[in-house]
Amino acid sequence: MAKKKGGKKGGKKGGNEKKGAKVFKTKCSQCHTVEEGGAHKQGPNLYGFFGRQSGKSEGYSYSSANKKSGVTW
């Protein structure tokens, strides 16, 4: 059986909060905000992201493909 890519390194559980915050700040925050009621940028505000169906953040103009994808984050 082939190994899955992107697995956890060295058996560690969970992510690294400090590294994740740095990645978000340098890459994701260019397009997204995360505060409740935060503005949309190039991408939608991510507050309440998990458990939300794709294409459903009020006030953001999604592509029709995104709206129809049926993905629940």
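One can find the structure itself at the top, above this paragraph.
What counts as what
- Residues numbered from 1 in each chain as written.
- Predicted model: local features only at pLDDT ≥ 70, side-chain atom pairs only at ≥ 80, totals over all residues.
- Heavy atoms only, no water.
- Helix = DSSP H or I, 4+ residues; strand = E, 2+ residues; numbered from the N terminus.
- Contact = heavy atoms within 4.5 Å.
- Phe/Tyr/Trp six-rings, centres within 6.5 Å; stacked < 30°, edge-to-face > 60°.
- Buried < 20%, exposed > 50% of the residue type's maximum accessible area, 1.4 Å probe, protein only.
- Disulfide = S-S within 2.5 Å.
- Polar contact = N/O pair within 3.5 Å; in protein donor to acceptor, adjacent residues only side chain to side chain.

## Points about the environment of Trp73
Relative to the assigned elements, Trp73 resides in the segment after helix H2 (64-68). Put simply, Trp73 and Phe49 are 24 residues apart on the chain and 6.6 Å apart in space, counted from C-alpha to C-alpha. If we ignore the near neighbours within four places in the chain, the residues touching Trp73 are Phe49, Phe50, Gly51, Arg52 and Ser54.

## Some remarks on the packing of aromatic side chains
Summed over all chains, the structure comprises three aromatic pairs. Seen in terms of ring centroids, Tyr60 and Tyr62 are 4.8 Å apart; in terms of plane orientation they differ by 70°. Their pairing is edge-to-face. Since its relative accessible area comes to 22%, Tyr60 is described here as partly exposed. Chaining the aromatic ring pairs together yields one cluster made of Phe49, Phe50 and Trp73.

## Looking at the state of the cysteines
Using the criterion set out here, one finds zero disulfides in the structure. Looking at the unpaired Cys31, the closest cysteine sulfur is the one in Cys28, lying at 8.6 Å. The class for Cys31 is partly exposed, based on a relative accessible area of 28%.

## Some remarks on helix H1 (residues 17-26)
Count 3.6 residues to each turn of an α-helix, and residues three or four apart come out pointing the same way. For H1, the tally of buried residues reaches only zero of 10 residues, placing the bulk of the element at the surface. Backbone nitrogen of Lys18 and a side-chain oxygen of the N-cap are separated by 3.0 Å at the start of H1; the cap is Asn16.

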